Amino acid sequence: MTNPANPKFTDVRMKGFGSRSTVEAAVAWIDSSLANANAVDPDRTEPCGLFELTGRILAKDIVSRINVPGFTRSMMDGFALRADETYGATAYNSLAFQVIGTSFPGRPFEGTVRSGTAVRIMTGAPMPDGADAVLPVEFTEWTENTLTAMAEVSVGKNVGAIGEDVADGSVLLKVGRVLRPQDAGVLSSIGCSSIPVVRRPVVRILITGNELLPAGTAPTGYQIADANGPMLKALVERDGGGQALPQFVKDDRSSLRAAMLEPADVILVSGGSSVGQEDHAPEILKELGTLAIHGIAMRPSSPAGMGQIGSTFVFLLPGNPVSCLCAYDFFAGRAIRGLGGRSLDWPYAKKDVVLTRKLVSTVGRVDYARVKISGTEAEPLAISGASVLSSTTQADGFIIIPADSEGLPPHSRVTAYLY
Ligand code: AMP
Ligand code: MG
């Protein structure tokens, strides 16, 4: 490639990648850098209110300091009475009680249930003193002052014990949990209004490419619309990153350099990641920090790179939209999930499928193949170029052909990841 007569061709950037890292090496670099990041800043947490916590990651164990319920309560609408006084009651041998009052939720009956008496009680209402069971209303006939019991109940029947929902001192929710709507409910029930969650990583999306028009603009002439910005924003949100509006950056060194110096936990650079004339990002990353990995033995996405500027992770994602998606999913998403306390695993459902036709691959390279799935059959898409983003919208998912494989024959059983 070197041509002494033409200094342009001595430019290292025109030589192409000398060698490529393996996917495993890139993933290993991410994982060890994540371990360092967590060692440096183990307390990346913030308080989160009850109404916002669904989907957030719990940053410490939640131990209840109270019992729920804090009082014995009725589990049914019926009558609170003494269980031993109902023994033998049936529809044909009913027993009579005097009704001495009513217990409502939040408004208990203040007196005591003595022999021969009962208190009308609602679900969730406190049990009156002296009563040890609730006879459900469907086994009774009653008036204002009288109860006719037509079934017997045992001690404790239809009564909720103190702490039966949540016991004082118990671990209610464990650190690392992805919080669910019902967690907000149970936290509220123990009087908790705010909990510590893992802070969302701040992610900045830099879209390079002088040929690009803002997302959603009709392409004109040789200008094309930015496909990666809206896609990356959605991916970042999926993986728990904070709001990350894409920012356009001109394909020139100083603009890109300035943008890469802005503070963030993760910077995604779309485009210009390779070794061409306008591919400034790798050189800038090398100058400002470390370019740990550049060029990866995979298809698509081989011109991807990654490194750090201080503690900021920087991912260089190829501009071709399929490569951009693939490189994001293999590498950047992993780092964002890791920094946010989430599982490093892909957030895709898996399905065992059988290939309808062969898939060729090259030994030494990981392939990312889009497939259409019907039932348990997976059909590789014919059009699979890195620039054909609609291959990912036509596909139902993708399969990974490992580096040591020459390809997969028809009828191979493989795991598909569902988009
Ligand atoms: P690059 O990685 O910058 O060399 O770009 C590779 C190819 O992807 C070129 O054809 C670009 O025009 C195209 N491309 C780059 N960025 C985007 C983008 N954000 N949206 C759609 N296409 C892009
Ligand atoms: Mg470009």
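Conventions used here
- Throughout, residues of each chain are indexed from 1 in the direction in which the sequence is written.
- Key to labels: chains lettered from A, ligands numbered from 1, both in the order written.
- In keeping with the predicted nature of the model, local features appear solely for residues at pLDDT of at least 70, side-chain atom pairs appear and are counted solely at 80 or more, and the whole-chain, interface and lining totals rest on all residues.
- Note: side-chain values were computed over all heavy atoms of the structure, leaving out hydrogens and water.
- A molecule or strand has a residue near it when one of that residue's heavy atoms lies within 4 Å.
- Throughout this description, a polar contact denotes any pair of N or O atoms lying within 3.5 Å of each other; where both atoms belong to protein, one of them has to be capable of donating a hydrogen while the other can accept it, and for residues adjacent in sequence the pair is counted only when both atoms sit in side chains.
- To be clear on the numbers: accessible area is Shrake-Rupley with a 1.4 Å probe, and residue cover counts the displayed protein chains and nothing else.
- Here, any two strands with at least 2 DSSP bridges between them count as paired.
- A run of DSSP states H or I qualifies as a helix once it reaches four residues; a run of E qualifies as a strand once it reaches two. Both are numbered from the N-terminal end.
- Here the axes come from fitting lines to C-alpha atoms, over the contacting stretch only for helices, and the angles between their N-to-C directions go from 0 to 180 degrees.
- Think of it in three bands: residues with accessible area under 20% of the maximum for their type are buried, residues over 50% are exposed, and the middle band is partly exposed, with areas taken using a 1.4 Å probe on protein chains only.
- Throughout, the arc means the angular range of directions from the helix axis out to the C-beta atoms.
- Should any heavy atoms of two residues lie within 4.5 Å, those residues are counted as being in contact.
- Buried Ala, Val, Leu, Ile, Met, Phe, Trp, Tyr and Cys residues that are joined via side-chain atoms within 4.5 Å together make up what is termed a nonpolar core.
- One less than the residue count of a helix, multiplied by 1.5 Å, gives the span that helix is expected to have.
- Pairing of aromatic rings covers Phe, Tyr and the six-membered ring of Trp, with a centre-to-centre limit of 6.5 Å; geometry is then stacked below 30 degrees between planes, edge-to-face above 60, and tilted otherwise.
- Whether a charge sits over a ring depends on NZ of Lys or CZ of Arg being within 6 Å of the ring centre and within 35 degrees of the ring normal.
- In these notes the angle categories are as follows: under 35 degrees is roughly parallel, over 145 is roughly antiparallel, 65 to 115 is roughly perpendicular, and the rest is oblique.
- In this scheme the crossing of two helices becomes right-handed for a clockwise turn of the near helix relative to the far one and left-handed for an anticlockwise turn of less than a right angle.
- Under the scheme applied here, ten amino acids are nonpolar (Ala, Val, Leu, Ile, Met, Phe, Trp, Tyr, Cys and Pro), four are charged (Asp, Glu, Lys and Arg), and all others, including Gly, are polar.

Peer 1: Hey, could you run me through the site of ligand 1 in this one?
Peer 2: As a matter of local geometry, ligand 1 sits amid 15 residues, with Glu211, Asp226, Ala227, Gly272 and Gly319 nearest to it. At 2.9 Å, a backbone N or O of Ala227 approaches a nitrogen atom of ligand 1. Contacts to ligand 1 include Asn320, whose backbone N or O atom sits 3.2 Å from an oxygen atom. Relative to its unbound accessible area of 480 Å², ligand 1 is 73% covered by the protein chains.

Peer 1: Can you help me understand the sheet that holds strand E8 (residues 140–142) in this one?
Peer 2: Through backbone hydrogen bonds, the strands of a sheet pair up, either in parallel or in antiparallel fashion. Judged by pairing direction, the sheet is mixed, and its 6 strands sit side by side in the order E7-E4-E6-E5-E9-E8 without closing on themselves. Edge strands, defined here as strands with exactly one partner in the open sheet, are strand E7 (133–136) and E8. Neighbour-to-neighbour, the strand axes of this sheet turn through a mean angle of 35°, independent of strand direction. In terms of strand pairing, E8 meets strand E9 (residues 146–149) through 3 bridges, oriented antiparallel. Opposite Trp142, over in E9, you have Leu147 as the bridge partner.

Peer 1: When you look at helix H4 (residues 253–260) in this model, what are you seeing that I'm missing?
Peer 2: Along an α-helix, residues three or four apart share an orientation, since each turn contains 3.6 residues. Of the residues making up H4, those classed as buried are Leu256, Ala259 and Met260. Down the axis of H4, the buried set is contained in an arc of 95°. They therefore lie on one face. Close packing links the buried residues of H4 with strand E13 (203–208), strand E16 (247–249), strand E17 (266–270), helix H5 (281–288), strand E20 (305–309) and strand E21 (312–317).

Peer 1: Would you explain the sheet that holds E13 in this entry?
Peer 2: Strands sit in the order E16-E13-E17-E21-E20-E18 across an open sheet of 6 strands; the sheet is mixed. Of all strands in the sheet, those bounded by a partner on one side alone are E16 and strand E18 (290–294). Neighbour-to-neighbour, the strand axes of the sheet open up by a mean angle of 25°, direction not taken into account. Bridge count for E18 against E20 is 4 bridges, and the pairing is antiparallel. Looking at E20, one finds that Thr290 is bridged to Gln308.

Peer 1: Please clarify how the nonpolar core should be interpreted in this entry.
Peer 2: It is characteristic of soluble globular proteins that their nonpolar side chains tend to be buried jointly. Counting 43 residues, the largest nonpolar core has Leu268, Ile296, Met306, Phe313, Phe315, Tyr328 and Phe331 as the members making the most contacts within it. Those elements that place two or more of their residues in this core are helix H1 (23–40), E13, helix H3 (228–238), E17, E21, helix H6 (321–339) and strand E24 (366–374). No other element matches H6, which puts 12 residues into this core. Apart from residues lying up to four places away in sequence, Met306 is in contact with Ala26, Trp29, Ile30, Leu285, Thr290, Leu291, Ala292, Ile293, Ile296, Val314, Phe315 and Phe331. Ranked by size, the runner-up nonpolar core spans 16 residues in total, among them Leu50, Ala184, Val186 and Leu187.

Peer 1: Looking at this model, I keep getting lost on H1. Mind explaining?
Peer 2: When the terminal C-alpha atoms of H1 are compared, their 26 Å separation across 18 residues agrees well with the 26 Å that a helix rising 1.5 Å per residue should span. All of the buried residues along H1 are Val23, Ala26, Val27, Trp29, Ile30, Ser33, Leu34 and Ala37. Down the axis of H1, the buried side of the element spans an arc of 155°, and every buried residue falls inside it. Facing away from the buried side of H1, by more than 90 degrees, are the exposed residues Glu24, Asn36 and Ala39.

Peer 1: Any chance you could explain the packing of aromatic side chains here in plain terms?
Peer 2: Within a pair of aromatic rings, the relevant descriptors are the distance that separates the centres and the angle that separates the planes. Counting across every chain of the model gives 14 aromatic pairs. Between Phe330 and Phe331, the ring centres sit 5.8 Å apart and the planes meet at 45°, which makes this aromatic pair tilted. Just as Phe330 is buried, Phe331 falls in that class too. Chaining the aromatic ring pairs together yields one cluster made of Phe330, Phe331, Trp346, Tyr348, Tyr368, Phe398, Tyr417 and Tyr419. The aromatic ring of Phe104 is capped on one face by Arg107, whose charged end is 4.3 Å from the ring centroid.

Peer 1: What am I meant to see in the packing of H1 against H6 here?
Peer 2: Geometrically, a packed helix pair is captured by the angle between its two axes and the distance between the axes. Where H1 contacts H6, the two axes come as close as 10 Å, and the packing angle between them is 20°. Considering their axes alone, H1 and H6 lie roughly parallel with respect to each other. With respect to the hand of their crossing, H1 and H6 are arranged in right-handed fashion. Within the contact between the two elements, H1 uses Val23, Ala26, Val27, Ile30, Asp31, Leu34 and Ala37 and H6 uses Phe330, Phe331, Arg334, Ala335, Gly338 and Leu339. Residues that form the contact of H1 with H6 fall into these classes: 10 nonpolar, 1 polar and 2 charged.

Peer 1: Help me understand the pairing of strand E28 (residues 413–418) in this model?
Peer 2: Where a strand is regular, its side chains alternate between the two sheet faces. Relative to E28, strand E22 (residues 349–355) is paired through 6 bridges, and the arrangement is antiparallel. When the bridges of E28 are listed, Asp352 appears paired with Thr415. With 2 bridges joining them, strand E26 (residues 397–401) and E28 adopt antiparallel strand pairing. Paired with Phe398 across the bridge in E28 is Tyr417.

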